[in-house]
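What the coordinates show
As a plain string of letters, each chain reads:
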Amino acid sequence: MSLLMRHAFLLMLFALALNGCATPASLAPRASYSNPVLDADLPDPAVLKAPDGFYYVYGTQGGGEGQMRNVQVARSPDLLRWELLGDALPAKPSWASKTQDFWAPHVHRASGRYYLYYSAKPDAALADPERGLCLAVATANRPEGPYRDKGEPLQCGSGFVNIDPMAYDDPATGKRLLYWGSGFGAIKVQELGPDRLDFAPGSAPVDLIQPVKSEDPHEYQRLIEGAWVIRRDGYYYLFYSGDNCCGPKAHYAVMVARSRSATGRFETLAAATGAPNSVILERQGLWVAPGHNAVVQDADGNDWMLYHAVDSRRPRSKPADDVNTRRVMLLDRIVWKDGWPQVEGRGPSTAPRPAPAVRP
């Protein structure tokens, strides 16, 4: 073999060796997903990562195929493939056995037990229209339920002020907290008692974020609701939504504020940065009125926003329904810049995106 041929042969072997070093994983395309991740009417999603490895999501009363579920529940191994499980609260509480407004649940796990906080209209409201919705709590031994109400409301009031609860254990103080609020009032927080079934004796609600009176069409804070709190790098971030979730005048977005304390004072993104508003997610493309979000981490510790929005191509479940009432579930990644969360493009993604990381 000539010297030239020998060099060519060695180069060929070297190229083959390099090819052999490439693993199938490095050659395979990265997994991706497209919105929606659950094409079903499941408003106000709240997510929980359970010890069984599944993500569970809980939503406002509803359900397809003529089957009404008081608290909808679904689960997924990866935040993308969701299986509807049925009704987490199959038996209505005695004080709300005849009404149908079971809204915006949130499930919190503590000491191996599951606590479902939700809103419901009491039966007394059927005779007295001045009676508004109540905060309530139910418990179960499994994330999917069935949950059983404690037997009486946690707190009642006028209109729809007492809705959208979110339970949170403050790692800095050890206090058990409940956030809630809507109805043109403030987002509030109050300490829960040791059993998590009542507010702590002597505690009182603290107002955190106030609505803003404005005729500006870009202002979403005229009504605020849907609180969700996380802690990151010494700050507590309060995500909230406004101002009109659904219907013909749907106008909804996600906003954010932060504080060094879980009970405030919270500074909005607009106040801190001079931005015209505190919005980090609003309408984009075919997705109408995105909001009422939850935040969850994937296997790599990346933050993701799970939320509802209306598909403008199918804005109602039934022909007789109001427009912009069929709210499906979407997912987008949160990125952090200068101490604040952002959603790429400030709107729901409309093209394929890299999927959340999952453990094998």
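My aim in this report is to walk through the structure given alongside it, one point at a time. Every chain begins its residue count from 1, and numbering advances along the sequence as written. This being a predicted model, a pLDDT of at least 70 is required before a residue's local features are given, and a value of 80 or more before pairs of side-chain atoms are given or counted; all residues contribute to the totals for chains, interfaces and linings. Where side-chain values are given, they derive from all heavy atoms of the structure, hydrogens and water being excluded.

Concerning the sheet that holds strand 14 (residues 206-209)
Strand pairing is defined by DSSP finding a minimum of two bridges between the two strands. Counting from the N terminus, the helices are the DSSP runs of H or I reaching at least four residues and the strands are the DSSP runs of E reaching at least two. Taken together, the four strands give an open sheet; going across it, the order is 11-12-13-14, and neighbouring strands pair in antiparallel fashion. The sheet terminates laterally at strand 11 (166-169) and strand 14, the two strands that pair on one side only. The mean inter-strand angle of the sheet, taken between neighbouring strand axes irrespective of direction, is 30°. Pairing analysis gives three bridges linking strand 13 (residues 187-191) to strand 14, with the strands arranged antiparallel. By the bridge assignment for strand 14, Ile187 is matched with Ile209. Here, axes are lines fitted to C-alpha atoms. For helices the fit covers the stretch in contact, and angles between N-to-C directions go from 0 to 180 degrees.

Here's the deal with the pairing of strand 22 (residues 327-337)
Relative to strand 22, strand 21 (residues 303-311) is paired through seven bridges, and the arrangement is antiparallel. Of the residues in strand 22, the one forming a bridge with Trp304 is Arg333. Pairing between strand 22 and strand 23 (residues 340-343): four bridges, direction antiparallel. By the bridge assignment, Ile334 is partnered in strand 23 with Val343. In textbook terms, the turn of a hairpin is the stretch between consecutive antiparallel strands, and for strand 22 and strand 23 this stretch comprises two residues, one of which, Asp338, has a positive phi near 55°.

Concerning the state of the cysteines
Here, the term disulfide refers to a pair of cysteine sulfur atoms separated by no more than 2.5 Å. Counted under the stated rule, the structure contains two disulfides. One disulfide in the model links Cys134 with Cys156; its S-S distance is 2.0 Å. Judged by the torsion about the S-S bond (100°), the Cys134/Cys156 disulfide is right-handed. You can see Cys134 sitting in strand 8 (residues 134-140) and its partner Cys156 sitting in strand 10 (residues 155-156), a full 22 residues away along the chain. Type-normalised accessible area, obtained with a 1.4 Å probe on protein chains alone, sets the label of each residue: buried when under 20%, exposed when over 50%, and partly exposed for intermediate values. Residue classification places Cys134 among the buried residues on the basis of a relative accessible area of 0%. Overall, the relative accessible area of 35% leaves Cys156 in the partly exposed class. Each disulfide pairs two cysteine sulfurs, and for Cys245 the partner residue is Cys246, the sulfurs being separated by 2.3 Å. A relative accessible area of 17% means that Cys245 is categorised as buried.

Comments concerning the packing of aromatic side chains
Pairs of aromatic rings are described using the distance from one ring centre to the other and the angle between the two planes. Two rings belonging to Phe, Tyr or Trp (six-membered ring only in the last case) form a pair when the distance between their centres is within 6.5 Å. Interplanar angles under 30 degrees mark stacking, angles over 60 mark edge-to-face geometry, and anything in between is tilted. This model, assessed by the stated rule, comprises ten aromatic pairs. Arranged with centres 6.5 Å apart and planes meeting at 65°, the rings of Tyr168 and Tyr179 form a pair that is edge-to-face. Of this pair, Tyr168 sits in strand 11 while Tyr179 is found in strand 12 (residues 176-180), placing the two residues eleven residues apart along the sequence. Across the pair, Tyr179 and Tyr168 agree in class, each one buried. Ring centres of Tyr237 and Trp340 lie 6.2 Å apart, and the angle between their planes is 80°; this geometry places the pair in the edge-to-face category. Linking Tyr237 in strand 16 (residues 235-244) with Trp340 in strand 23, this pair joins segments that are 103 residues apart in sequence.

That's the geometry; what it means functionally is another story.
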